[in-house]
Amino acid sequence: QVQLVESGGGLVQPGGSLRLSCAASGSIVSIHTMGWYRQPPGKQRDLVATIPTGGSANYADSVKGRFTISRDNAKNMVYLQMSSLEPEDTAVYYCNARVTTTSYYTMPFWGKGTLVTVSS
């Protein structure tokens, strides 16, 4: 199986910064697109940013210019650097990765999420 574990969430004041990390491990042959999604309280889960193995990252309009996604393929890690945080960014942030497993199935996997709270 494949596990994704997020870290780095917490409480931050408006205007502050936070960096999320996600580590993928397990029965991995290769990792394709990785990304971050978020689910605010009482709302649906939405895309924040994705990054392919090669090529340009994609961002939700609401985070463009404030968030930066990056990945370390050697470590099977994906990161989300968040700056100029707003109360509207408060959500559980989920890591997602499309993975080819050692069974040679390619499918998406999700982490359990990390809570980011932006409040004074």
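These notes cover the structure that comes with them. Everything numeric in this text was worked out from a predicted model, so none of it was measured. (Residues numbered from 1 in each chain as written. Predicted model: local features only at pLDDT ≥ 70, side-chain atom pairs only at ≥ 80, totals over all residues. Heavy atoms only, no water.)

**As for the overall build of the protein**
Secondary structure assignment for the protein yields 0 helices and 11 strands. For the protein, the succession of helices and strands along the chain, N to C, is β-β-β-β-β-β-β-β-β-β-β. Its C-alpha radius of gyration of 14 Å places the protein within 12% of the 14 Å reference for a compact globule of 120 residues. By principal-axis analysis of the C-alpha atoms, the protein measures approximately 45 × 25 × 25 Å. (Helix = DSSP H or I, 4+ residues; strand = E, 2+ residues; numbered from the N terminus. Rg over C-alpha atoms; globule rule 2.2 N^0.38 Å.)

**A few points about the environment of Ala97**
With respect to the helices and strands, the residue Ala97 is situated in strand E9 (residues 91–101). Separated by 20 residues in the primary sequence, Ala97 and Met77 place their C-alpha atoms 10.0 Å from one another. Ala97 has contacts with Leu4, Ile31, Thr33, Met34, Met107, Pro108 and Phe109, leaving out every residue within four places of it along the chain. (Contact = heavy atoms within 4.5 Å.)

**So, the packing of aromatic side chains**
Tallying each qualifying case throughout the model produces 1 aromatic pair. A cation over a ring is seen here: Arg45 above Tyr94, with NZ or CZ 3.6 Å from the ring centre. Seen from the ring of Trp110, Arg45 lies directly overhead, with NZ or CZ sitting 4.7 Å from the centre. (Phe/Tyr/Trp six-rings, centres within 6.5 Å; stacked < 30°, edge-to-face > 60°. Lys NZ or Arg CZ within 6 Å of the ring centre and 35° of its normal.)

**Examining the state of the cysteines**
Under the criterion given, the structure shown has 1 disulfide. The disulfide partner of Cys22 is Cys95, and the S-S distance across this bridge is 2.1 Å. With the S-S bond torsion at -80°, the cross-link from Cys22 to Cys95 turns out left-handed. In this pair, Cys22 sits in strand E3 (residues 18–26) while Cys95 sits in strand E9, placing the two residues 73 residues apart along the sequence. Judged by relative accessible area, which is 0%, Cys95 ranks as buried. (Disulfide = S-S within 2.5 Å. Buried < 20%, exposed > 50% of the residue type's maximum accessible area, 1.4 Å probe, protein only.)

**Concerning the sheet that holds E3**
Read across the open sheet, the 4 strands follow the order E1-E3-E8-E7; overall the sheet is antiparallel. Taken across any chain shown, the strands that pair with only one partner, and hence form the sheet edges, are strand E1 (2–7) and strand E7 (67–72). Put simply, the sheet's adjacent strands are angled 15° from each other on average, direction ignored. Sheet analysis places E7 next to strand E8 (residues 77–82), joined by 6 bridges and oriented antiparallel. In the strand pairing of E8, Ser70 is matched with Tyr79. (Pairing = 2+ DSSP bridges. Axes fitted to C-alpha atoms, helices over the stretch in contact; angles between N-to-C directions.)

What is shown is where atoms sit, not what they do.
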